[in-house]
Amino acid sequence: MVGRGHRGRPGGGGRVGRGGRPASELPPVDDLTAWLSGRLPDGWFTGAPEVTVDREEILVVGELPAPENAADADPAARAASAAGRIARFREETREDRMEIARQAEHRYGRKVAWGARIPGSGEDDGVEELFTTLSVPVMTRLRQPERRVLDTLVDAGVARSRSEALAWAVALVGEHTEPWLAELREAMSTVDELRARGPRLDGEDDEDGEGAPTDTQA
């Protein structure tokens, strides 16, 4: 299932996506999870990976089997063992992941990033690592009160720059409002479905594929 965090409604609102294209022109990702389940090699992950999507990126994070550790291994040793297992997976699957990413980008119009996690047990929180995820600049204009907030974070050493302070603030909001954001995403998905089922205007494609072509048709 397309997961939390980076979920985005494909094709919504006419906003500009990767490469300057409106989001409404991006390919839909309705079948992404099914496509990945058929395309990923057997045995990579212990189960279905978590897949999150926005207008620029597809992030695939899978769970790896935990390495064997001595019964008396401390949390630091278990974390080091897990990090080593993730590093081995990253190296051994590099070429295959690059080819899958190339195919997915062609099919869905978004870059693909990868990650792996090994769950913990007891007092061990586990280890997760993301590989070369996409960093996208977001331009905005801020008035003095908002700029002072960012400068305070920088002066206090919370962030090294205004851009890092803004990213920190967005992460903090996301952490504390995730239930509300999830409801908002679900509501937007429902609106998209209702819009797709709505009546068509004259000249739009009918079910037989006739009618005037639109600018999103290949």
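Conventions adopted
- Residues numbered from 1 in each chain as written.
- Predicted model: local features only at pLDDT ≥ 70, side-chain atom pairs only at ≥ 80, totals over all residues.
- Heavy atoms only, no water.
- Core = buried A, V, L, I, M, F, W, Y, C linked by side-chain atoms within 4.5 Å.
- Buried < 20%, exposed > 50% of the residue type's maximum accessible area, 1.4 Å probe, protein only.
- Helix = DSSP H or I, 4+ residues; strand = E, 2+ residues; numbered from the N terminus.
- Contact = heavy atoms within 4.5 Å.
- pLDDT = per-residue confidence, 0-100.
- Phe/Tyr/Trp six-rings, centres within 6.5 Å; stacked < 30°, edge-to-face > 60°.
- Expected span 1.5 Å × (residues − 1).
- Arc of directions from axis to C-beta.
- Salt bridge = Lys/Arg side-chain N within 4 Å of Asp/Glu carboxyl O.
- Pairing = 2+ DSSP bridges.
- Axes fitted to C-alpha atoms, helices over the stretch in contact; angles between N-to-C directions.
- Parallel < 35°, antiparallel > 145°, perpendicular 65-115°, else oblique.
- Left-handed = near helix turned anticlockwise from the far one by under 90°.
- Nonpolar A, V, L, I, M, F, W, Y, C, P; charged D, E, K, R; others polar.

Here's the deal with the nonpolar core
Core analysis: the biggest nonpolar cluster contains 25 residues, and Leu32, Ile58 and Trp114 have the highest contact counts within it. Elements represented by at least two residues in this core include exactly helix 1 (32-39), strand 1 (50-53), strand 2 (57-63), helix 2 (75-92), helix 3 (94-108), strand 3 (111-118) and strand 4 (127-131). Other than its neighbours up to four places away in sequence, Trp114 contacts Leu40, Trp44, Leu59, Val60, Arg97, Ile100, Ala101, Leu130 and Phe131.

Thoughts on the confidence of the model for the protein chain
Mean pLDDT over the protein chain works out to 81, with 79% of the residues at or above the 70 mark. For residues 3-20, every residue scores under 50 in pLDDT, and the model assigns this stretch 53 contacts once sequence neighbours within four places are set aside. Per-residue pLDDT stays below 50 along residues 206-218; that stretch engages in 12 contacts with residues further than four places along the chain or on separate chains.

As for the environment of Pro67
Note on placement: Pro67 falls in the loop between strand 2 and helix 2. The exposure class assigned to Pro67 is buried, which follows from its relative accessible area of 14%.

What about the packing of aromatic side chains?
Per the stated rule, a full pass over the model turns up 5 aromatic pairs. Measuring from ring centre to ring centre gives 6.0 Å for Trp44 and Trp114, while their planes differ by 75°; the resulting arrangement is edge-to-face. Here Trp114 lies in strand 3 and Trp44 lies in the loop between helix 1 and strand 1, a separation of 70 residues in the sequence. One exposure class covers both Trp44 and Trp114, and it is buried. Taking 5.5 Å as the distance between ring centres and 45° as the angle between the ring planes, the aromatic pair formed by Phe45 and Phe89 counts as tilted. With Phe45 in the loop between helix 1 and strand 1 and Phe89 in helix 2, this pair connects stretches of sequence that are 44 residues apart. With a relative accessible area of 9%, Phe89 lands in the buried category. Within the aromatic cluster, the residues linked to one another by ring pairs are Trp44, Phe45, Phe89 and Trp114.

Re helix 2
Here helix 2 is 18 residues long and its end C-alpha atoms lie 26 Å apart, about the 26 Å a rise of 1.5 Å per residue gives. Of all the positions in helix 2, only Arg78, Ala82, Ile86 and Phe89 are classed as buried. Buried residues of helix 2, seen end-on, are gathered within an arc of 75° and therefore sit on one face of the element. Among the exposed residues of helix 2, those pointing more than 90 degrees away from its buried face are Ala76, Ala80, Glu91 and Glu92.

What to know about the pattern of salt bridges
One pass over the full model with this rule turns up 11 salt bridges. Across the pair Glu92 and Arg88 runs a salt bridge, and its minimum N-O distance is 3.9 Å. One end of the pair is Glu92 and the other is Arg88, both in helix 2 and 4 residues apart, which spans about a single turn. For Arg88, a relative accessible area of 46% puts it in the partly exposed group. Here Arg185 makes a salt bridge to Glu178, at a shortest N to O gap of 3.4 Å.

Side note on the pairing of strand 3
Within strand 3, 7 of the 8 residues are buried, leaving the element largely enclosed by the surrounding structure. Of the strand pairs in this sheet, strand 2 and strand 3 are connected by 7 bridges, and their pairing is parallel. Of the residues in strand 3, the one forming a bridge with Glu63 is Arg117. Bridge analysis of strand 3 against strand 4 gives 5 bridges, and the strand direction is antiparallel. Directly across from Arg117, in strand 4, lies its bridge partner Glu128.

Quick look at the packing of helix 1 against helix 3
Packed helix pairs are characterised by how far apart their axes lie and by the angle those axes make with each other. Axis separation between helix 1 and helix 3 bottoms out at 12 Å; the angle between their running directions is 155°. Considered as vectors, helix 1 and helix 3 are oriented roughly antiparallel to each other. Once helix 1 is placed against helix 3, the crossing between them reads as right-handed. Contact residues: Leu32, Trp35 and Arg39 in helix 1; Glu99, Ile100, Gln103, Ala104, Arg107 and Tyr108 in helix 3. The residue inventory of the contact of helix 1 with helix 3, partitioned by class, reads 5 nonpolar, 1 polar and 3 charged.

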